[in-house]
Amino acid sequence: MLNHFLNRCSTPSLLFSRTFSSTLFVKGVSFSSTEETLAQAFSQYGQVLRVDIMMDKFKRRPKGIAYVTFSSTEEAEKALLELNGRLVDGRVVILDTAKVAKHNQPDSKPKQTGGDS
């Protein structure tokens, strides 16, 4: 069935392509890492605009994941290629492109609630 779809598609390479974001998802972040230490580590690859370390609300400690936003997709791609699988603050980090939430896209419309106004 996939072959049938690929034969009909004029550009099969685009079927599996992924849009690249200037924000990277970082997994394996050390619990001792701070926004400042991550920004310093990632700034070797470009201008870091923002670092967000995800916190566990109940345990009140880092979850071990973070998002790092660069000023351009090229810088994020360079960091992804160079830093993925490397040590940052004593832990091996795994990087991936961050998925863009649909509700953050400017062309999406808010959900309508039932009822006529």
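For every chain, the first residue of its written sequence is number 1, and the numbers climb from 1 along that sequence. Reporting of local features is limited, given that this is a predicted model, to residues whose pLDDT is at least 70; pairs of side-chain atoms are given and counted only at 80 or more, and all residues count toward the totals for whole chains, interfaces and linings. As a rule here, side-chain values cover all heavy atoms of the structure and leave hydrogens and water aside.

The protein is annotated in an unreviewed UniProt entry as Cold-inducible RNA-binding protein-like isoform X3 from Camelina sativa.

(A) Molecular detail of the sheet that holds strand β2 (residues 48-56). If you walk across this open sheet you meet the four strands as β2-β3-β1-β6, and the pairing is antiparallel. A strand with exactly one partner marks an edge of an open sheet, and here the two such strands are β2 and β6 (94-97). In this sheet, neighbouring strand axes are inclined to one another by 25 degrees on average, regardless of whether the strands run parallel or antiparallel. What makes two strands pair is DSSP finding at least two bridges between them. Helix numbering and strand numbering both begin at the N terminus, where a helix is a DSSP run of H or I of at least 4 residues and a strand a DSSP run of E of at least 2. Judged from the four bridges that link them, strand β1 (residues 23-27) and β6 form a sheet pairing that is antiparallel. Every angle, taken between N-to-C directions, lies between 0 and 180 degrees, and every axis is a line fitted to C-alpha atoms, over only the stretch in contact when it is a helix.

(B) Just the packing of aromatic side chains, in detail. Two aromatic rings, drawn from Phe, Tyr or Trp (for Trp, its six-membered ring), form a pair once their centres lie within 6.5 Å of each other, and the interplanar angle then sorts them: stacked below 30 degrees, edge-to-face above 60, tilted otherwise. Taken as a whole, this structure holds two aromatic pairs when the rule is applied. The ring of F31 is capped by R61, whose NZ or CZ atom sits 4.5 Å from the centre of that ring. Charge-over-ring placement is defined geometrically: NZ (Lys) or CZ (Arg) within 6 Å of the ring centre, and within 35 degrees of the ring normal.

(C) Examining unusual backbone geometry more closely. Backbone geometry at R60 places phi at a positive 55 degrees, although glycine is not the residue there. Inspection of the secondary structure assignment puts R60 in the loop between β2 and β3 (61-70). Each residue is placed in one exposure class: buried if its accessible area under a 1.4 Å probe, protein chains only, is under 20% of its type's maximum, exposed if it is over 50%, and partly exposed if it falls in between. For R60, a relative accessible area of 73% puts it in the exposed group. We note that D89 has phi near 55 degrees; this positive angle belongs to a residue other than glycine. Using a relative accessible area of 37% as the deciding quantity, one classes D89 as partly exposed.

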